[in-house]
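Spelled out from the first residue to the last, the chains are:
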Amino acid sequence: MQISSIYDTQFKQWKSRLTELLDFLRQYGERRITLHGCRVLAELTPDQLALPGVSLLVATVRGQNGRQLAGVSFVSNFGKETCLVAVHPLYRSKHIGTALLAAHLERLGALECCVACDDIASLKMCFNAGLAAVALTTSPKPTLLLRALQSTMSPTISPQEGELLCHSPS
């Protein structure tokens, strides 16, 4: 698995890539990706990727036809405005989401996100990435605010290249 930052600067490339990423989030976000989060990403410009607290990462794996998209994650305002993660169903439970969040945390130095209390997989991903629950809200549904604490700056999971589709090289 490889985690890469998206930073295309040519408008034509950017719009095409952004459309691909938004489609991936809609398709594999399990209806848990907020409309607000998708709007923030849809309105993102290449210049905004250089702002503090903004990060757009993808996870890819090697497949028979080259690199394939396995996960997407976007953070704005260190996660206070938006924190999105989606992983393709074929690659879930392989710590790809954890690796994406850990990479955001490493890049940004701070990270927080809100996760519904009934979303056990996402909560586990956040805890594994070094985030801790710091608050609970109940409106409109029970949701935990998770934040990276100073003592939890290193993730517990560190996936390596070759873990997924690389068992039989193409």
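What you are looking at is a predicted structure, and each value in this text was computed from that prediction instead of being measured. (Residues numbered from 1 in each chain as written. Predicted model: local features only at pLDDT ≥ 70, side-chain atom pairs only at ≥ 80, totals over all residues. Heavy atoms only, no water.)

Chemist: Where do I start with the pairing of strand 5 (residues 112-116) in this structure?
Modeler: Looking along a regular strand, one sees the side chains alternate between the two faces of the sheet. The buried fraction of strand 5 amounts to 4 of the 5 residues, a majority that puts the element mostly inside the structure. Pairing between strand 5 and strand 7 (residues 143-148): 5 bridges, direction antiparallel. Within the sheet, the bridge partner assigned to V115 lies in strand 7 and is L144. (Buried < 20%, exposed > 50% of the residue type's maximum accessible area, 1.4 Å probe, protein only. Helix = DSSP H or I, 4+ residues; strand = E, 2+ residues; numbered from the N terminus. Pairing = 2+ DSSP bridges.)

Chemist: Help me understand the confidence of the model for the protein, please; the structure alone is not making it clear to me.
Modeler: A low pLDDT means the predicted coordinates there should not be read in detail. Per-residue pLDDT for the protein averages 86, and the proportion of residues at 70 or more is 86%. In the predicted structure, residues 151-158 sits below a pLDDT of 50 and forms 11 contacts with residues beyond four places in sequence or in another chain. (pLDDT = per-residue confidence, 0-100. Contact = heavy atoms within 4.5 Å.)

Chemist: What is the right way to look at helix 1 (residues 11-28) in this model?
Modeler: An α-helical turn contains 3.6 residues, so any two residues separated by three or four positions project in the same direction. For helix 1, spanning 18 residues, the distance from its first C-alpha to its last is 26 Å, which sits close to the expected 26 Å at 1.5 Å a residue. Taken together, the buried positions of helix 1 are W14, L18, L21, L22, F24, L25 and Y28. Here the buried residues of helix 1 occupy an arc of 155° about the axis, which is enough to place them on one side. Exposed positions of helix 1 whose direction lies more than 90 degrees from the buried face are K12, S16, R26 and Q27. (Expected span 1.5 Å × (residues − 1). Arc of directions from axis to C-beta.)

Chemist: How should the environment of C113 be read in this particular structure?
Modeler: Mapped onto the elements of the fold, C113 is located in strand 5. Put simply, C113 and L144 are 31 residues apart on the chain and 8.2 Å apart in space, counted from C-alpha to C-alpha. Aside from chain neighbours lying at most four places away, what touches C113 is G79, C83, C126, L131, L144, L145 and L146.

Chemist: Would you explain the environment of Y7 in this entry?
Modeler: Within the secondary structure, Y7 is located in the loop between strand 1 (2-5) and helix 1. Spatially, the C-alpha atom of Y7 lies 8.7 Å from that of D47, the residues being 40 residues apart in sequence.

Chemist: What's the story with the environment of S122 in this structure? I'm lost.
Modeler: Structurally, the position occupied by S122 is in helix 4 (residues 120-128). The spacing of S122 and R32 is 90 residues in sequence and 9.8 Å in space, taken between C-alpha atoms. Of note is the side chain of S122, whose polar atom sits 2.8 Å from the side chain of D119. (Polar contact = N/O pair within 3.5 Å; in protein donor to acceptor, adjacent residues only side chain to side chain.)

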